[in-house]
Amino acid sequence: MKTKCFLYFFGGYLFILGLAGCKKEVQVGVPITQLVTNTVFSNDNTATAAALSVYSQMITNTVPWNLHRITAISSDELTNYGKDQTSLDLYTNALSAQVDAASINVWTSMYSYVYQTNSILENLRISRGVSSRVKQQLNGESLFLRAYSYFYLVNLYGDVPLVTSTDYKVNATLPRTPKTQVYQQIISDLKMARDSLSTSFVDATDTAITTDHIRPTTWAATALLARVYLYSGNYDSAELQASTVINNTMFQLPTDLTKVFLMNSPEAIWQLADDAYSLWTADGANFILHAPPSSSFVNNATISPQLFNAFETGDRRKTAWIGSYTDGNNTWYFPYKYKDDYNATAINEYTMLLRLGEQYLIRAEARAQQGNVAGALADLNSIRNRAGLANYSGMTDEASLLFAIAHERQVELFTECDRWIDLKRTKNIDAVMGGPTGVCVTKGGTWTTNQQLYPLLPADILNNSNLIQNSGY
Amino acid sequence: MKIFYNASAMQRASGTLMSSLAQAMQKFHPNTTKTLILGVKLAAVFILITCLQVSAKTTNAQKLSISMKNGSLEKLFSEIEKKTTYVFFYDAAILKGTRPVTVEVKDATVEDILQTSLKGQSLEFSIHDRTIFVKRGEKSATLAPGGPGKGGTPSVTGVVKSESGTPLIGASVVIKKLKKSGMTNENGEFVLRDVPDGEYEVEISYVGYETRTTTVVVENQEGRVVADLKQFHSQLDETVVKGYYTTTNRLNTGNVTKIKGEDIQKQPVSDPILALEGRVPGLDIQQSSGIPGANMTVRVRGQNSIANGNDPLYIVDGVPFSSVSLTNNNIGGGAVGYPSSYAALNSGQSQGGLSPFNNINPADIESIEVLKDADATAIYGSRGANGVILITTKKGKAGDTKFLANVYSGEGAVTRRMHLLNTQEYLQVRHQAFINDGQTPTPDDVDINGTWDTTRYTDWQKVLFGGTAKFTNAQVSLSGGNANTQFILGSGYSRQTTVFPGNYSDAKASVYLNVTHASINQKFHTTASAGYVNDNNIIPQADFTTSLNLAPDAPPLYDANGNLNWQNGTFSNPLAPTFRNARAKTNTLNGSLNLSYELFRGLQLKSSFGYTTMQMNQTNQQFAAAAYGPPNPFSRKNQFATSNFNTWIIEPQLEYSRKISHGNLDVLIGTTHQQNNQNSIAQTAIGFASDALIPNVTAASYLYASGSAQASEYHYVAFFGRINYNWEEKYLVNITARRDGSSRFGPDRQFGNFGAVGAGWIFSKEKFMEHSVPFLSFGKLRASYGSTGNDQIGDYQFLSTYSSYYGTSYQGVSTLYPTILANPHFGWELVKKLEGGLELGFLKDRILFTASYYHNRTGNQLVGQVLPYTTGFNIVQANLPAVVQNTGTEIVLNTVNIQTKNFTWNTSINLSIPRNKLVSFPGLADNPNYKLTYAIGKPLYVRPLYHYTGLDKQTGLYTFDDVNHDGLIDYRDAGFLKQVAKNYFGGIQNSLSFKGWRLDFLVQFIKQTAPNYLTNFRFPGINGQNQPVAVLGAWQKPGENAGIQKYTQTGGDAATAYGNYGVSDASISDASFIRLKNVSLSYSLPDGWQRKLHLQSTRLYIQAQNLFTITSYLGLDPETQGWALPPLRMITGGIQVGL
C-alpha cells in the first residue's frame, strides 16, 4: 500500500516534470531591466522613446557640433590650436586613416542612426500595438533621419554602403553605392517623410502640438529636400521646395541676429534640445573662449583670418555671431552664434539643424542657376538686409551672382557644416585650398585633392572585404 | 514478546529537541498519528519521521478481535490497521505467494495474531512504536522473535560494528566449517542457529571493511561474537563522489581528486576554496589579495574560453553554487575591488570583489571533490567544461550523542615586504634626476624643496600593512543517531581582523543541520541539510598596500590635534581610507533534501531538491575627514547596494543496479530542473550635513542610481544518464550522457547533447599479472573521451533588446536604444576532453602512483564576430571556429613510508604540468578586440611586449627592438615574447603520527612567470614616489655602463623609455616560489585520561598557514603579485573537546 503511494507520488511527479521538461521550460521571461524589441514596438510610448533616442544620441555624441567643428577646421573657417593628432591632421588636411578615422566619430554615429532608423521602420511595419497616427509620424521621422545621416555620409565620405535593413549578414558585406544612387534614396526617403510627417511641431505624444521646434516636421523634410535637390543640380525642384518652406508663415527671419539661435526661434525649422541636464549647447560650450585657446580637444579653435576678413564692413553678423577673448596682449575670435555655455542658468538655446536663412540662400542659388536674376537677388537681399547690409550691387551675370551667393553662404552659415561641403559641391575646393597661396598652405599643410573626402574606418575595411578605402589613404 | 529494539544513543538522548518534538506531535494528535505518518512518509518532507520510531520504547499491547477465513495477508494487515493505531510497512512484493490465513481471535494482541498468521510464511515482523515492519525472513540467520538462544536451539549470536561503533547492517557472517552463513540486521546483530558446541572460525566481511576472522566457542548451546571491523585503509577503496553517483578510486574510470574535510579543517582559513591550494593536481588557485573575504581565481586545467567564463561549476550538496561575486559592479567592494567581467579576467586581471565561497563554513565540509576529465564532467553537460567542484557537507554518524567543541585563535601578518629606498637614497635619486634633467625643484616638489622635513624616515610598508591580524574561530557540533537516523547540528563563529591600521574585520556566524534517515527495511532513505551563514565584512575602500611607494620623507600621519595631517594639502595622507570604509553583509542559506526509495530489488527512485539564496547588502561610506579641507556636503558620501542571487533545483532520478553474468551493471537516468534569479541595484547618496548622518540615506541632499540595475533569470533543464558495467572488477566501462537546455541561448539553440565514455582495465587482477608481478598490488589503465560545454555567458544575449539610453531624456521621455545586435543562432562553447591514466599500487597499496595525461580542445568559441560599423554595431555574439588547447600531465604519488603500531608516516606528492595553446582563430589578424592580445600557436597567457635590448651608454636610456624599423617604439613593435603562466605546480604533503601526536605539513611549489615591480612603479626620480632598491646605481654620464637608466623627474624621453621598459620583456620575470602552506601539529589526549574525564576526541593543536615562502620574485608576493596585500602568515592554537 505504501509502496503504491510512493509509486504514485514519484510517478506523477516524474510525469509532470517530464511534460514540463521541454522547450517551454528553458524559455525565460523578458529581462526586466531591458525591453525586448517586440515589446518596444507594441505601444505608442515605448516606440516613441526608441525614435526619440536618436536625438538624445546626437546630443551625447555631439554629432552636430563635431560636424560643425571638423569641417570648419578642414576648410577655411577656423584656426586650430588643438594639439591632438586628429585636430592637427584635420587642420593641415593631412588625415591618416589609421590615426584619424576612428576619432572622427561621424561614420560610426551616422551608421548607428541608420541602423536604428531601419530597425524602427522594420518594427513599425509589423507592429500592431502602435497607433496609426504615431506610426505615421515615427515612420516619417525615421525616414527623415536616415536621409539626414546619408546626406552627411555621402558629402563627407563620397560613395558609401547604402544600408536599408537591419540584417547584419547582408550589411556586413555591402560594397559602396554610387553617390547618385544614395542621393536617390535620400530624395525618396525625404519625399515619403514629407508626406508622412506632421505639419506642426509635436510633443512626445507624437500628436499634440507644441511650441518646441525640436522634432522634424513635414517642413524639415521639405527644407532638407530643397538642399538635396540643390546639391544634386535639380534647381527647379530645389526652388519649389524652398519656396514651400519660405511661404509658410510659421517661419520668419528674426530681424535681431542675436535671436536667430534661441530655442524655438521663428527661424528654426528643426532644432535639437540638449540633454535636460545641460543648460547649454555643445557649440556654445566648446567654441566660447574664457581663456586663450587650449591645446585640448575643445575650446581650441578660433575664427580664421579668411573668414574674419570675409565679412563686409558693416556686417552685423561679424559682431553678433563672433565673440572675442583678450588676455591683454592677444585677441582671439570665436564662433558666437550660441551665447550660452557652462555659465548658463537657464535653457535659452537649442542646437540649430535646419533654418530658414539657408532656405533663402538655397532658393537664391536655385533661381540664379535657372536665370531668375530678380528672384535670386530678392532672396539674397533678404539675408543681406537682415545683417544690416545694403542690397547686392555687384554684377548680375550668373557666375557673379553665384559667387555672391557663395560668399553670402560663407558669412551666414559659418560653422554650420556648410562651407566645406559648398567648396566641394561647387568644385572650388582645389582652387581655394590648393595652390601656393591656398588655404592649406597658410594652415601649414600641402593640399592634395583626395583630402576632400575623409578616410573610411580601417577596421570596417578589414571586416568587410567589399569595402574600399577612399583614394590616397 | 520481546521487541528486539536496542536502546540506542538517540533514545538515551531522548530529551533532545527532535524526539521531544516528535512526542509532542503524537500527544497533540493521538488519533491521527497513522495519517500523519503516512502523510509524512508520502510527502517525505519532514525529517521528523526519523524520530517517531525512537520515541516509544514500550508497546502498549492493544487487544483486538478478528474473524477472517482464508483471507490474504494484505487483507489481514488492513484489518489490523483499521482496528488499531498500528500501521504496516512492507514491500508488496514479499506477499506474493503467501498462503491465505484464517484468523479467529478475541482480545488478542497484535503480536499474537501476527505470530500465528506468519508462521511458516517465511516472513517476519517487527514492531517499532506503532509501525509494524514486515519483511522476508532469512532462513538461516537473523534474529527471530523469542530472542537468541532461548528457544532451545543452539546458536551463535553477536554484533558487528565499525571501529567508530556504528552497527554494520548487512555484514556477512560465515562459519565455513558448518557452511552456515547469516547477515546482520539493522542493529548490526546476527544469529546463526543450530551450531553445536565447539570452537569455530567465524569470518565476518563487509564492503569497504577489512574482512575479519575470529574464533567463537559455543558452550551450553550459546556462543557470542562481538566484532569491530576496520575500514579499508587503502585509498583505493575510498568512496569518490562523481555528482549523481559514487564509485571508489579503485573502480573509477575518470579523474577525480578528493580532499577530505579534515584536511580543510586543519587550515586556519575562512574560505574553503583557499584550503585546496597545492593539494589538487590540475587545480590552479590564485588568491587576489590577503584581505579577508577577497576573491580568487580558480582554474581547472587551464583557460578554455577566450572571452567567456572559465570558472568551474560548483555544486554544494547537489545545489549549484554561483561563483560570481555578489559585490556590486557599479560601486565595487572597496579594497577588494570590482568583480571582474569575464573579458577583464581573461586579459589577466585577478578576480575582484568578495568571494562567494567565504559564505560556506569550512568546518561543515565533509569533502570536496574536483572532477576533471570528460568521464567525470560530461554528466554535467553544458556546465562541465571548466571542471566541476563538488562540496559535500557533513553527515551525522550513528553512535552515542556527541558534543564537540573546537576553538582556535591566532595571529597573522604579512611576511614579505619590498626593499625600498630609505630617505637618504630617495633624496639622492631625486636630486640626481634634477641634475639629469637640467632643472631645479619647483614649488610642487614638496619632498625635496624644503616643504617637507627631509630628515624624516617612515617605513610605510610597516605603517600601512605591518599590523597583526587576529583570527578567532569557534565551532560546536552535536551529532549522533542510531543505525537508521543520524543527525548533526553545528554552529560556528569566526572573526578575522586585518593587518591594516583601523578597525576592520570579517566576521562569520553559521548554523548547520543535517539529518539522515533510513527506514528499518532500508528501502527508504532521506537526507536533509540546511546551512545558514551570516558574514559581516568591513574593509577599507582602498587597499593600503597600494600606498607603499609613498616618499620615505613624507610628513607624519597625524597633526598635533590628532587629526589626519595633510601638510597644508601637500600630502595625500595614506590613512584617508580609514575614513572610507566598505561594509558588506551577506546572508546565505543553502538547503537540500534527498529522498530515495527502493522500488524493487536494485531499482531506486531518487529525487533531490535544493535551494540556495544569497543576499548582500553593501554600504561604502566616506566621511568628511577622508579629504583635505573643510568638510563640504560632497565630501560625505554613501554608496549602497543590494544584490540577491537564488537558485532552486529539482533532480528526480532512477537508479538500477544488478549483477549480470560476472559483472555489475549500474544504470542511472534523471532530469534536472533549475532556475536562477539574480538582481542588484546600487545607489549613491551625497551631500550630508554631518558624518553622523551618513548611514541615514534620507539625510542626503542628492540620491541617484549608480549604474543600471540588473536583474536576470536563468532556466535550465536537462536529461542525463549513466551506464556502468564492471566485469569482475577487472574491466570497467562508464558511459555518461546529458541533454541540456539553457535559457541563455536562442530558441533554436537551447538544447545540446554531451557525453563521454570512460573505460578502465584493472590489469593487476589478471592471472598472469598476479603471478608474474607479485609486488604490484594494483594496476589500472584508464581512458576517457567526451564532450562538455560552457554556457558561462550573460543571460538574454540572444534577445533583441532596447535599454534606457544612459538615463537621458528627450521631450521629457526617457529614451530607448537598441542594446545589442541580436543573433539568436549562437550556441555553447564545446570542449572535447581526452584523458589517459595509469594507476599503480605497490606493496599492498602502500605506494600508490597515478599519472594522467589530458588533451582538451575548446572550439566553437563565443568570441563574437567582428562587424563593420556600417551594420550599426561592431560586434555580434557568435561562435567562431577558434580552438584553444589545454594539455597536461598530472602525477600523484601517495606513500605510506612507515606504518607501525605507534608511528605512521604518509607522504602525498602531486605535480601538474599544464600547457595551453591557441590553435586557431580565424580572422585574428583583423579582429580589433583580440589581435593585440593573442597569437596563434602561443598560449592565451601571452602578453604583447617590447623586446628590451639594453641600456644606451650614450643617452642613458633603455632601448628596445624597433621591429618595423620606423624609428618609433609603438604597439607595432610589440611581440608575444613571454607568457604569464605556471610552468608546473604542485604540493608535497606529509602526515606523521606518533601515539597521540600528529603532524601534517604541506609544501606548495609553483614554477611560473609574472609581472614584476616594473609593472607598478613609475620611472625613478618621479616626484613623491619611492622606488625599490634595485634602481640604485643608475647611469649618470655618457659612456657609463650601468644597469639602470638615468633618473628623471619629468616626462620626456627618459619617462617614455621607462614606461616602455614596464611593458617590455624585462617586466615579466620569474615568480616561482616554494611555500610552507600549512602546518598542523596536534596532540590527542590519551584515551585513559579522556575516559576518566568523560571526554572524547579531545586534542590540542597548533595550525599555521603560509608559514614561509622561498622566492626570487622581484615584487611583493609571487601569488597575489602587484600591489595587493600578500597572503598572511597565520599561526593559531586551539583545542577540541568532545563530550
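What counts, and at which threshold
- Residues numbered from 1 in each chain as written.
- Chains lettered and ligands numbered in written order.
- Predicted model: local features only at pLDDT ≥ 70, side-chain atom pairs only at ≥ 80, totals over all residues.
- Heavy atoms only, no water.
- Helix = DSSP H or I, 4+ residues; strand = E, 2+ residues; numbered from the N terminus.
- Buried < 20%, exposed > 50% of the residue type's maximum accessible area, 1.4 Å probe, protein only.
- Contact = heavy atoms within 4.5 Å.
- Pairing = 2+ DSSP bridges.
- Buried area = accessible area lost by both parts, 1.4 Å probe.
- Salt bridge = Lys/Arg side-chain N within 4 Å of Asp/Glu carboxyl O.
- Polar contact = N/O pair within 3.5 Å; in protein donor to acceptor, adjacent residues only side chain to side chain.
- Nonpolar A, V, L, I, M, F, W, Y, C, P; charged D, E, K, R; others polar.
- Axes fitted to C-alpha atoms, helices over the stretch in contact; angles between N-to-C directions.
- pLDDT = per-residue confidence, 0-100.
- Parallel < 35°, antiparallel > 145°, perpendicular 65-115°, else oblique.
- Left-handed = near helix turned anticlockwise from the far one by under 90°.
- Core = buried A, V, L, I, M, F, W, Y, C linked by side-chain atoms within 4.5 Å.
- Phe/Tyr/Trp six-rings, centres within 6.5 Å; stacked < 30°, edge-to-face > 60°.
- Patch = residues over 30% accessible without salt bridge, like charges linked within 9 Å, V, L, I, M, F, W, Y side chains within 5 Å.
- Areas by Shrake-Rupley, 256 points an atom, 1.4 Å probe, with all protein chains shown as cover.

**Observations regarding the environment of B:Thr858**
Residue and element names in this part refer to chain B.
Now for step 1: By secondary structure assignment, the location of Thr858 is in strand β39 (residues 847–859).
Now for step 2: You can call Thr858 buried: its relative accessible area is 1%.
Now for step 3: Sequence separation between Thr858 and Leu550 is 308 residues; the distance between their C-alpha atoms is 46 Å.
Now for step 4: If we skip the residues at most four places from it in the chain, Thr858 touches Asn304, Glu829, Leu830, Val831, Ala882, Val883 and Val884.

**Considerations on the pairing of strand β2 (residues 87–90) of chain B**
Regular strands place side chains that alternate from one sheet face to the opposite one.
All names here are of chain B.
Now for step 1: Of the two faces of β2, the one lined by Val87 and Phe89 and the one lined by Phe88 and Tyr90 are each fully buried.
Now for step 2: Taken together, the 4 bridges between β2 and strand β5 (residues 131–136) define a ladder with parallel strand orientation. Looking at the pairing, Tyr90 lines up with Val134 of β5.

**Topic: unusual backbone geometry**
Now for step 1: At A:Lys427, a position not held by glycine, the phi torsion is positive, near 60 degrees.
Now for step 2: Note that A:Lys427 resides in the loop between α19 (419–425) and α20 (429–433).

**Details of the interface of chain A and chain B**
Now for step 1: Contact residues are listed per partner, giving 70 residues for chain A and 73 residues for chain B.
Now for step 2: The contact between chain A and chain B buries some 6100 Å² in all, and 65% of this surface belongs to carbon and sulfur atoms.
Now for step 3: If you look at where chain A meets chain B, you find 0 salt bridges.
Now for step 4: Put simply, chain A and chain B have 13 residue pairs in polar contact (both at pLDDT 80 or more) between them.
Now for step 5: Looking at the side of chain A that touches chain B, the elements that each hand over two or more residues are α1 (2–20), β1 (35–36), α2 (37–40), α3 (44–60), α7 (106–126), α9 (168–171), β3 (268–272) and α22 (458–463) of chain A.
Now for step 6: In terms of residue count, the dominant contributor to the side of chain A that touches chain B is α1(A) (10 residues).
Now for step 7: Partitioned by chemical class, the residues of the side of chain A that touches chain B number 39 nonpolar, 23 polar and 8 charged.

**Describing the pattern of salt bridges**
Now for step 1: What the rule picks out here adds up to 57 salt bridges over all chains.
Now for step 2: Residue A:Arg386 is joined to A:Glu412 by a salt bridge in which the shortest nitrogen-to-oxygen separation is 3.0 Å. With A:Arg386 in helix α17 (residues 373–386) and A:Glu412 in helix α18 (residues 398–412), this residue pair connects regions lying 26 residues apart in the sequence.
Now for step 3: Among the ionic pairs, B:Asp845 bridges to B:Arg250, the shortest N-O distance being 4.0 Å. With B:Asp845 in the loop between β38 (829–842) and β39 and B:Arg250 in the loop between β14 (246–248) and β15 (256–260), this residue pair connects regions lying 595 residues apart in the sequence.
Now for step 4: Each of A:Glu267, A:Glu312, A:Asp315, A:Arg317, A:Lys337, A:Arg355, A:Arg384, A:Arg386, A:Glu408, A:Glu412 and A:Glu416 takes part in salt bridges that share partners, so that together they form one network.

**Thoughts on the sheet that holds strand β8 (residues 180–183) of chain B**
All names here are of chain B.
Now for step 1: With antiparallel pairing, the 4 strands of this open sheet are ordered in space as β8-β7-β10-β11. Looking along the sheet, the strands with just one partner apiece sit at the ends: β8 and β11 (212–218). Between one strand axis and the next, the sheet turns by 25 degrees as a mean value, whatever way the strands run.
Now for step 2: Sheet analysis places strand β7 (residues 172–175) next to strand β10 (residues 198–205), joined by 4 bridges and oriented antiparallel. Looking at β10, one finds that Val174 is bridged to Glu203.

**Digging into the confidence of the model for chain B**
All names here are of chain B.
Now for step 1: When the pLDDT values of chain B are averaged, the result is 85; 91% of them are 70 or greater.
Now for step 2: Across chain B, the secondary-structure element scoring lowest on mean pLDDT is helix α4 (residues 49–55), at 32, and the one scoring highest is β39, at 96.
Now for step 3: Low pLDDT (under 50) marks residues 1–60, which in the prediction has 96 contacts with non-local residues, meaning those over four places away or in another chain.
Now for step 4: Note on residues 138–151: pLDDT under 50 across the span, and 27 contacts to partners over four residues away in sequence or across chains.
Now for step 5: With pTM at 0.79, the complex prediction returns an ipTM value of 0.91.

**Some details on the packing of helix α8 (residues 132–157) of chain A against helix α10 (residues 179–196) of chain A**
Residue and element names in this part refer to chain A.
Now for step 1: For the pair α8 and α10, interaxial distance at closest approach is 8 Å and the crossing angle is 155 degrees. Relative to α10, α8 is oriented roughly antiparallel. Crossing geometry of α8 relative to α10 is assigned as left-handed. Residues Gln136, Gln137, Asn139, Gly140, Leu143, Phe144, Arg146, Ala147, Tyr150, Phe151, Val154 and Asn155 of α8 lie in contact with α10, whose contacting residues are Lys179, Val182, Tyr183, Gln185, Ile186, Asp189, Leu190, Met192, Ala193, Asp195 and Ser196.
Now for step 2: Looking at the contact of α8 with α10 residue by residue, the classes come out as 12 nonpolar, 7 polar and 4 charged.

**Some points on the nonpolar core**
Residues and elements named next belong to chain A.
Now for step 1: Met58, Phe144, Tyr150, Tyr157, Ile186 and Trp270 are the most contacted members of the largest nonpolar core, which has 136 residues in total.
Now for step 2: For this core, the element with the highest residue contribution is α8, accounting for 14 residues.
Now for step 3: Beyond its immediate chain neighbours, meaning those up to four positions away, Phe144 contacts Leu190, Ala193, Leu197, Pro216, Ala220, Ala221, Leu224, Trp270 and Leu354.

**Some thoughts on the packing of aromatic side chains**
All names here are of chain A.
Now for step 1: In this structure the tally under the stated criterion is 57 aromatic pairs over all chains.
Now for step 2: Ring centres of Tyr157 and Tyr454 lie 6.4 Å apart, and the angle between their planes is 75 degrees; on these two criteria the pair is classed as edge-to-face. Of this pair, Tyr157 sits in helix α8 while Tyr454 sits in the loop between α21 (439–442) and α22, placing them 297 residues apart in sequence.
Now for step 3: For Tyr157, a relative accessible area of 1% gives the class buried.
Now for step 4: Pairing Phe261 with Tyr338 gives two aromatic rings, centres 5.1 Å apart and planes at 55 degrees, and the pair type is tilted. Linking Phe261 in the loop between α12 (235–246) and β3 with Tyr338 in the loop between β6 (331–335) and β7 (351–355), this pair joins segments that are 77 residues apart in sequence.

**Concerning a nonpolar patch on the surface**
Residue and element names in this part refer to chain B.
Now for step 1: Together, Leu489, Val511, Tyr532, Leu589, Tyr611 and Trp648 line one region of the surface with nonpolar side chains, adding up to about 490 Å² of accessible area.
Now for step 2: Checked against the element boundaries, Leu589 lands in strand β27 (residues 580–600).
Now for step 3: Taking the relative accessible area as the measure of exposure, Leu589 reaches 36% and is therefore partly exposed.

**Thoughts on the side chain of B:Asn406**
Residues and elements named next belong to chain B.
Now for step 1: Relative to the elements of secondary structure, Asn406 occurs in strand β22 (residues 399–413).
Now for step 2: For Asn406, the side chain forms a polar contact with the side chain of Gln1136, separated by 3.4 Å.
Now for step 3: For Asn406, the residues in contact, after removing those within four places along its chain, are Asn473, Ala474, Gln475, Tyr1101, Ile1135 and Gln1136.

**A look at the sheet that holds strand β21 (residues 388–393) of chain B**
Through backbone hydrogen bonds, the strands of a sheet pair up, either in parallel or in antiparallel fashion.
Residues and elements named next belong to chain B.
Now for step 1: Pairing in this open sheet of 5 strands is mixed, and the strands run β15-β20-β21-β18-β19 from one edge to the other. The sheet is open, and its two edges are formed by β15 and β19 (319–321), each paired on a single side. Across this sheet, the average inter-strand angle for adjacent strands is 25 degrees, counted without regard to direction.
Now for step 2: Here strand β20 (residues 365–371) runs beside β21; their pairing, made up of 6 bridges, is antiparallel. Counterpart to Val370 in the pairing with β21 is Ile389.

**Description of the packing of α12(A) against helix α16 (residues 356–369) of chain A**
When two helices pack together, their arrangement is captured by the angle between the axes and the distance separating the axes.
Residue and element names in this part refer to chain A.
Now for step 1: As a packed pair, α12 and α16 sit with axes 8 Å apart at the nearest point and diverge in direction by 145 degrees. Along this stretch, α12 crosses α16, giving a crossing that reads as left-handed. Residues Tyr235, Ala238, Glu239, Ala242, Ser243, Val245 and Ile246 of α12 pack against Leu356, Gln359, Tyr360, Ile362, Arg363, Ala366, Arg367 and Gln369 of α16.
Now for step 2: Here the residues of the contact of α12 with α16 are counted per class, giving 9 nonpolar, 3 polar and 3 charged.

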